[in-house]
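Given next are the chains, with one letter for each unit.
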Amino acid sequence: TLLSLLVLAVMAAGIRGCGKKEGERTNAQIKGAGASFPAPLYSKWFSEYSKLNAGVKINYQSIGSGGGVKQLTEGTVDFGASDSPMTEEELKNAETKNNTKVIHVPATIGAVVLSYNLPEVTKPLNLTGDVIAEIYLGTIKKWNDPKIAKINEGVSLPDKEIITVYRTDGSGTTYIFTDYLASISETWKKDVGVSKTVKFPVGQGGKGNEGVAGVVKQMPYSIGYIELIYAIQNKLGYANVKNANEEFITPSLESVTKAAEVSLPDMPETLTSSIVNPKGTGAYPISSYTYLLLFEKGKDAGKQKTIVEFIKWALSDGQKYAKELGYSPLPADVSKKAIDKLLNIK
């Protein structure tokens, strides 16, 4: 009868469904959010990985490190991304809400550069940490200030007010920048501090690395801190910065890699390591790791497995895409430690 046929069909469907193990999936829609600092590289990784794994789609929102931490904590994404390690308070909040630990996985290394719009100046400027701090504190107000002129002999600097540009969103790039300034300037450390969000004494804001780069590009006599690739993409000038060895260093793959290499002995078990202002010949002083954030135990076994497989690929084969986008590949020792850390994922 028709009823018998329907019953048999339902039973057959049930048997086929039971044959699929929990967590298995032929297609995976992965959601991530966070840092804009590595977003160009992440976009390339997601695209290339999807070509190799047709069923995997990774959607990433470049909303700043603070947003990435918040969305991971709230469980609205499968992974987060941040240029700064999560604070003790952030970790406690996320781990309490989700009943599992957060793992930081270094993904790549980049440079925060001081990008500027000076129509009359074609030669790259030299800047020191002290001068950068005073510019952002508002005590150096003009481009032809004697302190800037002294380290840029032969450069005709304009008699124009400096317009500083900063991030308005919770930003790992801001954390890196303020971490660097605090390592140089006691005044900065005391009056402004180190955080993803600080109260800048002067200037105007832009959202994301994209936003700051856009403001600097549109506004003559401005200066902003952004990731190197955003300066290159927007054809903006960027400064050489004096390092701990008293050398003016151009941000580059080599100088950023050097900053990571000389800092390796100080890397803790958590793999969260500041590499600003390291002592080492040729090291660019405003360099940083950027991190992928995920829970040790995921809510969806299939998605968690896909994320782990993607990260393993990114830490190995995926590193070859870093250089073409202005990022430095991870040192081999760091990649190995990061892959070993993934063994803790459940």
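Going by the structure above, here's the rest.
What you are looking at is a predicted structure, and each value in this text was computed from that prediction instead of being measured. (Residues numbered from 1 in each chain as written. Predicted model: local features only at pLDDT ≥ 70, side-chain atom pairs only at ≥ 80, totals over all residues. Heavy atoms only, no water.)

S.K.: An account of the overall build of the protein chain is requested, with residue identities and associated values reported.
M.R.: Within the protein chain, the regular secondary structure consists of 13 helices and twelve strands. Across its three principal axes, the protein chain shows a C-alpha extent of roughly 95 × 40 × 35 Å. The proportion of buried residues among the 346 residues of the protein chain is 54%. Long-range pairs, those at least 24 residues apart, make up 74% of the contacts in the protein chain between residues at least 6 apart in sequence. Each charge class in the protein chain was averaged separately, 40 positive and 36 negative side chains, and the resulting centres sit 6 Å apart. (Helix = DSSP H or I, 4+ residues; strand = E, 2+ residues; numbered from the N terminus. Buried < 20%, exposed > 50% of the residue type's maximum accessible area, 1.4 Å probe, protein only. Contact = heavy atoms within 4.5 Å. Lys, Arg positive; Asp, Glu negative; His and termini not counted. Charge placed at Lys NZ, Arg CZ, Asp CG, Glu CD.)

S.K.: Account for the pattern of salt bridges, with residues named and values stated.
M.R.: Evaluated as defined, the whole model comprises twelve salt bridges. For Lys44, the salt bridge goes to Glu48, with nearest N and O atoms at 3.1 Å. Taken as a pair, Lys44 and Glu48 lie in helix H2 (residues 39-52) at a separation of four residues, close to a single helical turn. A salt bridge links Lys51 to Glu48; its shortest N-O distance comes to 3.3 Å. Of this pair, Lys51 and Glu48 both sit in helix H2, three residues apart, which is roughly one turn of the helix. In this structure Glu48 comes out as buried when scored by relative accessible area, which is 12%. Sharing partners across several salt bridges, the network here consists of Lys44, Glu48 and Lys51. (Salt bridge = Lys/Arg side-chain N within 4 Å of Asp/Glu carboxyl O.)

S.K.: Can you tell me about the sheet that holds strand S10 (residues 240-242), naming the residues and giving the values?
M.R.: The sheet built from three strands is open, its strands ordered S5-S10-S11 with mixed pairing. Lying at the two open borders of the sheet, with one neighbouring strand each, are strand S5 (126-127) and strand S11 (248-249). Looking at chain direction, S5 and S10 are connected through two bridges and run parallel. Each bridged residue has a counterpart across the sheet, and for Leu127 the counterpart in S10 is Val241. (Pairing = 2+ DSSP bridges.)

S.K.: Now, about the packing of aromatic side chains: what can you tell me, with residues and values included?
M.R.: Taken as a whole, this structure holds 20 aromatic pairs when the rule is applied. Taking 6.4 Å as the distance between ring centres and 70 degrees as the angle between the ring planes, the aromatic pair formed by Trp45 and Phe310 counts as edge-to-face. Placement of the pair is Trp45 in helix H2 and Phe310 in helix H12 (residues 301-315), with a sequence separation of 265 residues. For the pair shown, Trp45 and Phe310 are each scored as buried. Each ring, one from Tyr60 and one from Phe79, has its centre 6.3 Å from the other, and the planes form 10 degrees; the classification is stacked. With Tyr60 in strand S2 (residues 56-62) and Phe79 in strand S3 (residues 79-82), this pair connects stretches of sequence that are 19 residues apart. For Tyr60, a relative accessible area of 19% gives the class buried. Under the relative-accessibility criterion, Phe79 is labelled buried at 4%. Put simply, the rings of Tyr42, Trp45, Phe46, Tyr49, Tyr60, Phe79, Phe310, Trp313 and Tyr321 pair up and form one aromatic cluster. (Phe/Tyr/Trp six-rings, centres within 6.5 Å; stacked < 30°, edge-to-face > 60°.)

S.K.: Mind laying out the nonpolar core, listing which residues take part and the relevant values?
M.R.: One finds Leu114 and Tyr136 to be the most contacted residues of the largest nonpolar core, which totals 106 residues. With ten residues, the single largest contributor to this core is strand S4 (residues 102-116). For Leu114, the residues in contact, after removing those within four places along its chain, are Leu127, Ile132, Tyr136, Phe177, Ile223, Gly224, Tyr225, Gly237, Tyr238, Ala239 and Ile286. (Core = buried A, V, L, I, M, F, W, Y, C linked by side-chain atoms within 4.5 Å.)

S.K.: An account of the packing of helix H3 (residues 65-74) against helix H4 (residues 88-98) is needed here, citing residue identities and associated values.
M.R.: For the pair H3 and H4, the least separation of the axes is 8 Å and the interaxial angle reads 25 degrees. One way to sum up the angle between H3 and H4 is to call them roughly parallel. Contacts from Val69, Leu72, Thr73 and Glu74 of H3 reach H4 at Glu90, Asn93, Ala94, Lys97 and Asn98. Residues of the contact of H3 with H4, tallied by class, amount to three nonpolar, three polar and three charged. (Axes fitted to C-alpha atoms, helices over the stretch in contact; angles between N-to-C directions. Parallel < 35°, antiparallel > 145°, perpendicular 65-115°, else oblique. Nonpolar A, V, L, I, M, F, W, Y, C, P; charged D, E, K, R; others polar.)

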